[in-house]
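Fold and contact review
Here is how the chains run, residue by residue.
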Amino acid sequence: MEERAEAMTGVVGGVAWRVGRACVDGVRAWYAVTLAVTGLISLLAGPLLLAAALFGPEDAGPFGPGGPFFLAVPLGPVALWALCWATGGGGRAVGAALFAPGSLAVMATHLYGGAAPGGRSVSLWLAPALLVLGLFGARWIATESRRTVGKWSGRPVPVPYRRPPGAAGPWQRLRAGGWLTDPATWRDAAWALLSGAAVLLTAAVVLFTPIALEVFGRHGPFFPLAIVYGLGLCAAPAAALWAAPPVLRIHERAVRSLLGPSRQARLAHQVSHLARTRADTIDAGAAELRRIERDLHDGAQARLVALGMLLTVAEQLKDDPDALGPLLAEARTSSVKALGELRDLVRGIHPPVLADRGLADAVQATALDLPLPVTFTGVLPGRVPAPVESAAYFAVTELLANVVKHAGASHVWIEIGHSDGLLRISVTDDGRGGADPSRGTGLSGTERRLAAFDGVLAISSPPGGPTIVNLEIPCALSSPKTSSSSGTA
Amino acid sequence: MRVVIAEDLFLLRDGLTRLLEANGMKVTAAVENGDELLAAVAADRPDIAVVDVRLPPGFTDEGLRAALAARQAHPGLPVLVLSQFVEQLYARELLAGSTGGIGYLLKDRVMDGTQFIDAVRRVAQGGTAMDPEVITRLLTHNSSAGPVSTLSPRERQVLALMAEGRSNAAIAQQLVITERAVAKHTASIFVRLDLQPSDDDNRRVLAVLAYLNNA
């Protein structure tokens, strides 16, 4: 009994959830439709007004059928917009304010006999402004579509606009061709036209199919139009809810393909990204070699020279045991120090424990050396490719060093794992927060090094803490070595 | 005392053999890799095995794993692990579940013959020999908070030497103080760290190491 009741509640809950979901999608689809219509109207306003002013009759005609009530027609999109905005669909008053005059003017032009109120001169004066406004409008519609789709799907649509390199003042932007030579602008315009046309076409098909059937007489005597439209009006909410989710999916795909970066733009972006990370990698490699050279020169090499000199002196003093003792002791100290310096150097190049045990154990070993308590969780089921392993290891040591130096933390948590082809490491501390990669060189350096492997670094560090740093590097794990599982734990 | 050595570098293997034999020990086998070590331990039943961490064929931590395997096969077999570098992680693994007879030293320590021989003897008798570098890092890890930070500098010195595995007498000699002073310091340390005092040197060392490792 109880099970059945539970199942019933489950079913009811599921249905309620789906209906609610469909309602949300309905409101969203509504908003998308509003955007599309507004975009089309604003884009067409300029050309239509221009055409009407150039080729239309000289004087404004009398009001056509319906009289001044036709003035309400252009207000339709604005009203729809306001409704969406009020019902939580999003939207901005700025957009409505921009498009209202455009749509008003074009509708007036069209409906009142071919010329805008005020005559040809006003139309000619208004048309260029509307043309430009139309392009602005298309861009705004595109930006808003990108934003909403990104928000609804949880996956942002990348912005494709070209950005001139370097300091971009108005003059540089103009020299780089401005908006007009940016293909993305024209894709925006195409989007406004296509989406608007699609909406209008659908509306026309839905509204006029019964009329067409009536005219061609197939159902004429049996289905008076009033009944067809009456039934349609009753079924409309259900139909809208049923159609909204798939329509939204199609809308999302269309937005991504037309408003996201084009294939060419993506490739160009990838090339510049690769060029930059390659340059960074080469720089980092060269700097590392210089550091190693300097360390060897100032450290171990100098100690060995001193050792050689000590031994030479000892050779000359070999008949004086009293002087020989301290000299030999000094020689031994010198060799011990040289060994210590070499050890530190090796640790900085490629830590032995990383080579022996892999990333998880190496990070754990580093955590053990920290002067504060660390909680380490997670395992890697296999070995990370060596270059990624090394980059990730040094990124984590850098992060831990930052924690020790700047955070004033009393505890650190490290989590490591691999899923969906991504190596994920998170380092959390309970310190004072406020870490900003744009200020220190450490975090941005780490970011650049990871970028060479298409890795990303996400930092959340509100003032007052806690600081959470997440690393993600795409990589595949190799199967674990059979030998490493044999009982060292 | 009978010793088995596992070390892949000929010069070091030879040097170790000479050093140990010069101090009255008998090197029953000096081998190059982990498998040979296990065979030699099974055949010779030595008093102690001296093992390098990096051994062929992989030159990673084969020696460490062989040493642990040998201890599993022959419980209580004293093992002294030598390495070019020390890692707390490895020290932990060696000490896990151990009742003594464990050493973990930097290879550099071989250069100080008497101290090295002392460590070998101590481990062979079931004691402990931890490299000072391991202990330094353990103390750094524990230094920011907790009871260890409340110890006086002298007490920290005593704690470090105790954790290395030295007896009271050895600590007194090292710090140039009397044994009674050392005993006073150790008692104070045990109170501060809330550990059970013990007369047995080895149990005392293991308690201190376990404390430092878990804090």
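What counts, and at which threshold
Residues numbered from 1 in each chain as written. Chains lettered and ligands numbered in written order. Predicted model: local features only at pLDDT ≥ 70, side-chain atom pairs only at ≥ 80, totals over all residues. Heavy atoms only, no water. Buried < 20%, exposed > 50% of the residue type's maximum accessible area, 1.4 Å probe, protein only. Helix = DSSP H or I, 4+ residues; strand = E, 2+ residues; numbered from the N terminus. Pairing = 2+ DSSP bridges. Right-handed = clockwise from strand over helix to strand, strands pointing away. Expected span 1.5 Å × (residues − 1). Patch = residues over 30% accessible without salt bridge, like charges linked within 9 Å, V, L, I, M, F, W, Y side chains within 5 Å. Areas by Shrake-Rupley, 256 points an atom, 1.4 Å probe, with all protein chains shown as cover. Salt bridge = Lys/Arg side-chain N within 4 Å of Asp/Glu carboxyl O. Contact = heavy atoms within 4.5 Å. Polar contact = N/O pair within 3.5 Å; in protein donor to acceptor, adjacent residues only side chain to side chain. Buried area = accessible area lost by both parts, 1.4 Å probe. Nonpolar A, V, L, I, M, F, W, Y, C, P; charged D, E, K, R; others polar. Axes fitted to C-alpha atoms, helices over the stretch in contact; angles between N-to-C directions. pLDDT = per-residue confidence, 0-100. Phe/Tyr/Trp six-rings, centres within 6.5 Å; stacked < 30°, edge-to-face > 60°. Core = buried A, V, L, I, M, F, W, Y, C linked by side-chain atoms within 4.5 Å.

**Here we look at the pairing of strand S3 (residues 48–52) of chain B**
Residues and elements named next belong to chain B. Most of S3 is tucked away, with 5 of its 5 residues classed as buried. Here S3 shows two buried faces, one formed by Ile 48, Val 50 and Asp 52 and the other by Ala 49 and Val 51. Judged from the 4 bridges that link them, strand S1 (residues 2–6) and S3 form a sheet pairing that is parallel. Note that in S3 the partner of Ile 5 across the bridge is Val 50. On the question of chirality, the crossover connecting S3 to the parallel strand S4 (residues 79–83) by way of helix H3 (residues 62–73) is right-handed.

**Details of helix H7 (residues 225–259) of chain A**
In this model H7 of chain A runs just 40 Å from its N-terminal to its C-terminal C-alpha over 35 residues, more than 12% under the 51 Å that 1.5 Å per residue would give. Among the residues of H7 of chain A, Ala 244, Leu 248, His 251, Val 255, Arg 256 and Leu 259 of chain A are the ones counted as buried.

**Looking at a nonpolar patch on the surface**
All names here are of chain A. There is a patch of nonpolar side chains on the surface, built from Leu 207, Phe 208, Ile 211, Val 215 and Phe 216 and spanning about 550 Å² of accessible area. Locating Val 215 in the fold gives a position in helix H6 (residues 183–216). The exposure class assigned to Val 215 is exposed, which follows from its relative accessible area of 62%.

**With respect to the environment of Glu 472 of chain A**
Residue and element names in this part refer to chain A. Within the element layout of this structure, Glu 472 appears in strand S5 (residues 467–474). Note: C-alpha distance between Glu 472 and Ala 392 (80 residues apart in sequence) is 9.1 Å. Once you skip the residues sitting within four places of it in the chain, Glu 472 turns out to touch Leu 422, Leu 423, Arg 424, Asp 454, Gly 455 and Val 456. Side-chain polar atoms of Glu 472 contact the side chain of Arg 424, separated by 2.8 Å.

**Re the interface of chain B and chain A**
Contacts between the two partners involve 26 residues from chain B and, on the opposite side, 26 residues from chain A. Between chain B and chain A, roughly 2,400 Å² of surface is buried when both sides are summed, and carbon and sulfur atoms account for 49% of that area. Here chain B and chain A share 7 salt bridges between them. Broken down by element, the residue count for the side of chain B that touches chain A peaks at 5 residues, all from helix H4 (residues 88–95) of chain B. Class assignment of the residues belonging to the side of chain B that touches chain A gives a composition of 9 nonpolar, 7 polar and 10 charged.

**Observations regarding the sheet that holds strand S2 (residues 26–31) of chain B**
Residue and element names in this part refer to chain B. Spatially, S2-S1-S3-S4-S5-S6 is the arrangement adopted by the 6 strands of the open sheet, whose pairing is parallel. Of all strands in the sheet, those bounded by a partner on one side alone are S2 and strand S6 (128–130). Taking the axes of each pair of neighbouring strands and ignoring which way they run, one obtains an average angle of 20 degrees across the sheet. Taken together, the 5 bridges between S1 and S2 define a ladder with parallel strand orientation. The residue of S2 that forms the bridge with Val 4 is Ala 29. In the packing of helix H1 (residues 10–22) onto the sheet, the strands contacted are S1, S2, S3 and S4, and the crossing angle to S2 comes to about 170 degrees. Sitting on the sheet, H4 touches S4, strand S5 (102–106) and S6, and the angle it makes with S5 is about 165 degrees.

**Here we look at the confidence of the model for chain B**
Residues and elements named next belong to chain B. Residues at a pLDDT of 70 or more form 98% of chain B, whose mean pLDDT is 86. The secondary structure element of chain B with the lowest average pLDDT is helix H10 (residues 201–214), at 77, and the one with the highest is S1, at 94. Here the predicted complex carries an ipTM of 0.74, next to a pTM of 0.63.

**Points about the packing of aromatic side chains**
Residue and element names in this part refer to chain B. Considering all chains together, one arrives at 2 aromatic pairs over all chains under this definition. Both rings, one in Phe 85 and one in Tyr 90, keep their centres 6.5 Å apart while their planes meet at 55 degrees; by these two values the pair is tilted. Exposure remark for Tyr 90: the relative accessible area of 0% places this residue in the buried category.

**Structural notes on unusual backbone geometry**
Here the bond from Pro 56 of chain B into Pro 57 of chain B is cis, since omega is 5 degrees, no more than 30 degrees from zero. Examined against the element boundaries, Pro 57 of chain B turns out to sit in the loop between S3 and H3. At Asp 454 of chain A, a position not held by glycine, the phi torsion is positive, near 60 degrees. Summarising the element assignment, Asp 454 of chain A is placed in the loop between helix H14 (441–451) and strand S4 (456–460). A positive phi angle, near 55 degrees, is found at Phe 59 of chain B, a position not held by glycine. Relative to the helices and strands, Phe 59 of chain B is located in the loop between S3 and H3.

**Brief notes about the pattern of salt bridges**
A complete count under the given rule lists 29 salt bridges over all chains for this structure. Note that Asp 61 of chain B is salt-bridged to Arg 65 of chain B, the shortest N-O span being 2.6 Å. Given the relative accessible area of 1%, Asp 61 of chain B is considered buried. Residue class for Arg 65 of chain B comes out buried when judged on its relative accessible area of 14%. Bridged by salt links that share partners, the residues Arg 343 and Asp 369 of chain A together with Asp 108, Glu 133 and Arg 137 of chain B form one connected network.

**Regarding the confidence of the model for chain A**
Counting all residues, the mean pLDDT for chain A is 77, and 75% of those residues have values of 70 or more. Within the model, the stretch residues 87–94 of chain A combines pLDDT values under 50 with 17 contacts to residues more than four positions away or in other chains.

**Observations regarding the nonpolar core**
Of all hydrophobic cores here, the largest spans 93 residues; its most connected members are Leu 359, Leu 423 and Ile 425 of chain A together with Leu 37, Tyr 104, Met 130 and Leu 159 of chain B. The dominant element in this core, judged by the number of residues it contributes, is helix H13 (residues 386–407) of chain A, at 9 residues. Grouped together as the second largest cluster of nonpolar side chains are 20 residues, Val 3, Ile 117, Ala 119 and Val 120 of chain B included.

**Topic: the sheet that holds strand S2 (residues 412–419) of chain A**
Residue and element names in this part refer to chain A. Taken together, 5 strands build an open sheet; the order of strands is S1-S2-S3-S5-S4 and the sheet is mixed. Pairing within the sheet leaves two strands with one partner each, and these edge strands are strand S1 (374–377) and S4. On average, each strand axis in the sheet is tilted by 10 degrees relative to the strand beside it, whichever way the strands run. Relative to S5, strand S3 (residues 422–429) runs antiparallel, the two sharing 8 bridges. In the strand pairing of S5, Leu 423 is matched with Ile 473. Across the face of the sheet, H13 comes into contact with S2, S3 and S5 while running at roughly 10 degrees to S3.

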